[in-house]
Structures are given as structure tokens and as C-alpha cells.
Amino acid sequence: IAFLRLDAIERFEELKPLLKKSRKEFAETLLSTTPERYVPIIFALANPDPEIGYDEAKNARPDAIVATGRSDTHNQVNNVLVFPGIFRGAIDAGAPRITEAMKIAAAYALASSIEEPSAEYILPDPLDPSVAPRVAKAVADSWKSQVPIS
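Parameters and conventions
Residues numbered from 1 in each chain as written. Predicted model: local features only at pLDDT ≥ 70, side-chain atom pairs only at ≥ 80, totals over all residues. Heavy atoms only, no water. Helix = DSSP H or I, 4+ residues; strand = E, 2+ residues; numbered from the N terminus. Polar contact = N/O pair within 3.5 Å; in protein donor to acceptor, adjacent residues only side chain to side chain. Contact = heavy atoms within 4.5 Å. Axes fitted to C-alpha atoms, helices over the stretch in contact; angles between N-to-C directions. Parallel < 35°, antiparallel > 145°, perpendicular 65-115°, else oblique. Left-handed = near helix turned anticlockwise from the far one by under 90°. Nonpolar A, V, L, I, M, F, W, Y, C, P; charged D, E, K, R; others polar.

Novice: Looking at this structure, I do not really get the side chain of Ser-113. What am I missing?
Specialist: Relative to the elements of secondary structure, Ser-113 occurs in the loop between α5 (100-112) and α6 (131-146). In this structure the side chain of Ser-113 is engaged in a polar contact, spanning 2.5 Å, whose partner is the backbone oxygen of Leu-110. Ignoring sequence-local partners within four residues, the contact set of Ser-113 consists of Pro-124, Val-131 and Arg-134.

What follows is the structure in C-alpha cells.
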């Protein structure tokens, strides 16, 4: 859980007592005590039971941007979003390894697949057939731009 423009150390000291609570209590308390001027961004990725459920997080803070690993909510974080494209792009480019630049290119390609992002739509559907080719092209182009022409 992240808070934009908030001093992390100060916030951590404030929240230390919460560390003794359950994951769910911790997340709910954190959300309910976050100043309204900050929009919480929550990536609750434990599977099959995230640290806080999508609906619980949205009930605590309707303005929160929430993503989980679950397929039954908005914004499913799943490695299927990038792995087919990363490997296809590496194969197409003849790359013998995956570089950090290729991973970053994949992330940008994934982000660019969302034309109008909203709190409910920051990631494409894992089954969107346009995602893997977009990621593959970005990864292949990234590799080609790193390799000197001989």
C-alpha cells in the first residue's frame, strides 16, 4: 500500500502499533486513517486470499486504486499479462537473455494498452489478445536497440 507525497518514515512510526494486527485489520485501519487528500494505491497480491479484498478496500476508501491477483475483480495483476509477450519478443529478436531494459519496455507496453485509465482500469484483462503482441514488439525492439550492428 503506497501513499503519494507522504513521508514514509513518519507514516511508519505512526502505524507501528498496527503491525500486531491481522493483515485484514492492518489494511483496513491503514485505509481508514489515511488523510483524504491522499489517494491510496493498493496492490494486495497474496493469492488466493489477498491482504485485503477489492470490495473491502473500496468500501473503506471508494477513491482507492486497487489491484489484486484475483480474476474476479478489476485490475487483476497476473504474470500472464507480460510473460507470453516477453518470451515471444525475445525469440523474435534472437535475444539470448532478458535484460532489464526489455522488462521496462514490457511494462511500458502494458501501460500503453490502457487508453483511458481509471481507478477500476489500470491493467488490461489478462485474456486481451492485443496485449501479448504489443509487449512482444516492445521487447524485441528494446533488444534490437541494445545490440550494436556489426
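There is more to say after this.
Novice: Sorry, what's going on with the packing of helix α4 (residues 83-93) against α6 here?
Specialist: The packing of two helices is summarised by the inter-axis angle and the distance between the axes. At a minimum axis separation of 7 Å, α4 and α6 run at an interaxial angle of 45°. Considering the angle they form, α4 stands oblique to α6. The crossing of α4 and α6 is right-handed. Across from Pro-84, Gly-85, Ile-86, Arg-88, Gly-89, Ala-90 and Ala-93 in α4, the residues of α6 making contact are Ala-132, Val-135, Ala-136, Val-139, Ala-140, Trp-143 and Lys-144. A per-class count over the contact of α4 with α6 returns ten nonpolar, two polar and two charged.

Novice: I would appreciate a short explanation of the side chain of Lys-58 in the present structure.
Specialist: Following the sequence through the fold, Lys-58 ends up in helix α3 (residues 54-60). Among the polar contacts listed, one links the side chain of Lys-58 to the backbone oxygen of Ala-64, at a separation of 2.7 Å. For Lys-58, the residues in contact, after removing those within four places along its chain, are Asp-63, Ala-64, Val-66, Ala-119 and Glu-120.

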